[in-house]
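Chain and residue survey
Chain by chain, the residues:
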Amino acid sequence: MSPAVQMFMHDVAARNPGEREFHQAVGEVVESVMPVVEKQPEFRKARMLERIVEPERAVMFRVPWVDDRGEVRVNRGFRVQFNSALGPFKGGLRFHSSVNLSIVKFLGFEQMFKNALTTLPMGGGKGGSDFSPKGKSDGEVMRFCQAFMGELFRHVGPDTDVPAGDVGVGGREIGYLFGQYKKLVNRFEGWITGKGLNWGGSLIRKEAAGFGTVYFAAEMLATRGQTFDGKTVCISGYGNLGSHALEKVNELGGKVVTIADEHNYIYEPDGIKGDKARYVIDLWQVHRQGLEAYAEKYGAKLLPGRPWKTPCDVAIPTGAENEITLDDAKALVANGCKCVAEGANMPSTAEAIKHFQDNGVLFGPGKAANAGGVATSGLEMTQNSIRMAWSREEVDAKLKEIMKRIHCVCLETAEAYGTPGNYVNGANIAGFVKVANAMLDQGVV
Ligand code: GLU
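Description of the structure in this document. (Residues numbered from 1 in each chain as written. Predicted model: local features only at pLDDT ≥ 70, side-chain atom pairs only at ≥ 80, totals over all residues. Heavy atoms only, no water.)

1. Some points on the overall build of the chain
Using the following cut-off: Working definition: helices are DSSP H or I runs of at least four residues, strands are E runs of at least two. Numbering for both runs from the N terminus. Note that the radius of gyration is over C-alpha atoms, with the globule rule given as 2.2 Å times the number of residues to the power 0.38. For the exposure calls, accessible area comes from a 1.4 Å probe over protein chains only, and a residue counts as buried if that area is under 20% of its type's maximum, exposed if over 50%, partly exposed in between. It only takes one pair of heavy atoms within 4.5 Å for two residues to be counted as in contact. In this count, Lys and Arg are taken as positive residues and Asp and Glu as negative ones, while His and the chain termini are left out. Note on charges: their place is set at NZ of Lys, CZ of Arg, CG of Asp or CD of Glu.
Looking only at helices and strands, one finds 17 helices and twelve strands in the chain. Expected size for 445 residues packed as a compact globule is a radius of gyration near 22 Å; at 21 Å, the chain falls within 12% of this value. Taking the principal axes of its C-alpha atoms as reference, the chain extends roughly 60 × 55 × 45 Å. For the chain, buried positions account for 57% of its 445 residues. Taking all contacts inside the chain whose residues are at least 6 apart in sequence as the whole, residues at least 24 apart take part in 71%. Here the chain holds 52 positive side-chain charges and 52 negative ones, and the gap between their average locations is 2 Å.

2. Points about the packing of aromatic side chains
Heads up, the condition is: To pair, rings of Phe, Tyr and Trp, with the six-membered ring standing in for Trp, must have centres within 6.5 Å; the planes then decide the type, stacked if under 30 degrees apart, edge-to-face if over 60, and tilted in the middle. In our convention, an over-ring charge means Lys NZ or Arg CZ found within 6 Å of a ring centre and within 35 degrees of that ring's normal.
With the rule as written, the count across this model stands at 22 aromatic pairs. Where Tyr181 meets Trp191, the ring centres are 3.9 Å apart and the plane angle is 25°; that geometry is what we call stacked. Here Trp191 lies in the loop between helix H7 (171-185) and helix H8 (205-222) and Tyr181 lies in helix H7, a separation of ten residues in the sequence. Taken together, Phe61, Trp65, Phe95, Phe131, Phe144 and Phe148 form an aromatic cluster joined through their ring pairs. The lysine or arginine in question, Lys248, covers the ring of Phe211, its NZ or CZ lying 4.3 Å from the ring centre.

3. Structural notes on the sheet that holds strand S4 (residues 124-129)
To keep it simple, the criterion reads: Any two strands between which DSSP finds at least two bridges are classified as paired. Axis angles are defined between N-to-C directions and span 0 to 180 degrees, where every axis is a line fitted to C-alpha atoms and, for a helix, only to the segment in contact.
Here five strands make up an open sheet; going across it, the order is S1-S2-S4-S3-S5 and the pairing mixed. Both edges of this open sheet fall to strand S1 (57-66) and strand S5 (161-164), since each of them pairs with a single strand only. Ignoring which end each strand starts from, the neighbouring axes of this sheet average 20° apart. Direction of pairing for strand S2 (residues 72-83) relative to S4: antiparallel, over a ladder of six bridges. When the bridges of S4 are listed, Phe78 appears paired with Gly128.

4. A word on the site of the ligand
Stated formally: Throughout this document, a residue counts as near a molecule or strand when at least one of its heavy atoms sits within 4 Å of that molecule or strand. Within 3.5 Å is the distance limit for a polar contact, defined as a pair of N or O atoms, with the added protein rule that one can donate a hydrogen and the other accept it, and that residues adjacent in sequence qualify only through two side-chain atoms. Surface accessibility in these figures is a Shrake-Rupley result with a 1.4 Å probe; residues are shielded only by whichever protein chains are displayed. Charged residues are taken to be Asp, Glu, Lys and Arg, nonpolar residues to be Ala, Val, Leu, Ile, Met, Phe, Trp, Tyr, Cys and Pro, and polar residues to be all remaining types, Gly included.
As a matter of local geometry, the ligand sits amid 13 residues, with Lys90, Lys114, Gly165, Asp166 and Ser377 nearest to it. Contact distances for the ligand include 2.9 Å between a nitrogen atom and a backbone N or O atom of Gly165. Contact distances for the ligand include 2.5 Å between an oxygen atom and a side-chain N or O atom of Ser377. Alone, the ligand offers 290 Å² of accessible surface; in the complex the protein occludes 93% of this. Elements that contribute at least two residues to the shell around the ligand include exactly strand S3 (89-95), helix H5 (101-118) and helix H15 (372-386). With three residues, S3 is the single largest residue contributor to the shell around the ligand. Here the shell around the ligand is composed, by residue class, of two nonpolar, six polar and five charged.

5. Side note on the sheet that holds strand S11 (residues 339-341)
In space, the seven strands of this open sheet follow the order S9-S8-S7-S6-S10-S11-S12, with mixed pairing throughout. What marks the edges here is a single partner per strand, and that holds for strand S9 (302-304) and strand S12 (362-364). The mean inter-strand angle of the sheet, taken between neighbouring strand axes irrespective of direction, is 20°. Note that strand S6 (residues 232-235) and strand S10 (residues 314-316) share three bridges and pair parallel. In the sheet register, Cys234 faces S10, and the bridge partner there is Ala315. Packing against the sheet, H8 makes contact with S10, S11 and S12, and its axis sits at approximately 150° to S11.

6. Side note on the pairing of S6
What counts here: Seen with its strands pointing away from the viewer, a crossover is right-handed when the path leading from the first strand over the helix to the second is clockwise.
Neither face of S6 is left uncovered, since the one carrying Thr232 and Cys234 and the one carrying Val233 and Ile235 both have all their residues buried. Sheet analysis places S6 next to strand S7 (residues 255-260), joined by three bridges and oriented parallel. Opposite Thr232, over in S7, you have Lys255 as the bridge partner. Note on the crossover from S6 through helix H9 (residues 240-251) to S7: the handedness is right-handed.

Right, here's the structure in full:
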């Protein structure tokens, strides 16, 4: 770490005490972009780095609701509106027990650069709650969503801030959130993305983050003249992202040997294909069940821990932040892994990323590799604005094209700034320069 980066990060840590995940996300970007800022007097004069790490607005609110036994429950809600230089704030809502201000800030910070990379007109933000839908009834989830939107609606809207799903927020939650918003503002607005297909949603939105991550990985493999055909792949989730990544890997001829939840994983040496693959897609989205149900149905063993000791060619982490540690990275490299595409946000620790890069692994960071989800949210917004619905093929072709372009921009930027093949630098610099130039044009606001 250069002395300039060290000094800057010292201030960030002092201003945002205890926000470990936020420090980590900022540290990674600052390390990549400091050389760019140092060479550009306009950025320095405008205090671009100092401004960009400060959210435009952050709201935190009480979410009281009543459970099925009639007990009052209290959760905490967040929306961090990070940057609107490129468009309305845009980013998902995460409902998970781990959610706190640090997590939402790190996610919002990453989102601003990710959205910039899509080239669509979207600023960056993120929100959520420490409420977990797992183990709750539909009625409880609905009452929670209504209570959450009872405050959030004041801060959002189609030209202000456009939420969507993330961990714990899928089609069911988006429906309840949208219904309550519509009731409160008395307007049906093509707002909030990930909507149901029969009331304004986009085809492929559900699949987009998973498909997009695999498209990005395929582009990385192609730089070495390789494809997914015959490759062994480890995936660490089974939800929206993991299950659709699995679907796409299968379609491209790869073999997915693991899926996982937060504590356990399943290893299927012959691959999760056909009936099994279809069941994984429905497991949470339709049946609201976990890996235990898969294990029972197919007689598979539930193994404790993370799947990263499993030999594979490609790893697609789709779980929580920092799920790949240095030890995991060492095991992956030792077992022959040549490509890592981050489906989740910041699933690899800084040390793990360095180990991958030092060992010639193609490493696609989340803000580039998983940008397909939000990119397709952007396409959903476009369809809502023009009051049209595109076909599955049209949306998928656009998604593929966007992922190709992001891959290309990352590679070209990494090369232009003297670190060829470093997708982390490429994504951070390309995203930062786009947002920073828009901020320069818009003055000190
Ligand atoms: N939560 C997703 C992400 O991390 C999607 C956000 C959106 O569609 O707005 O990019």
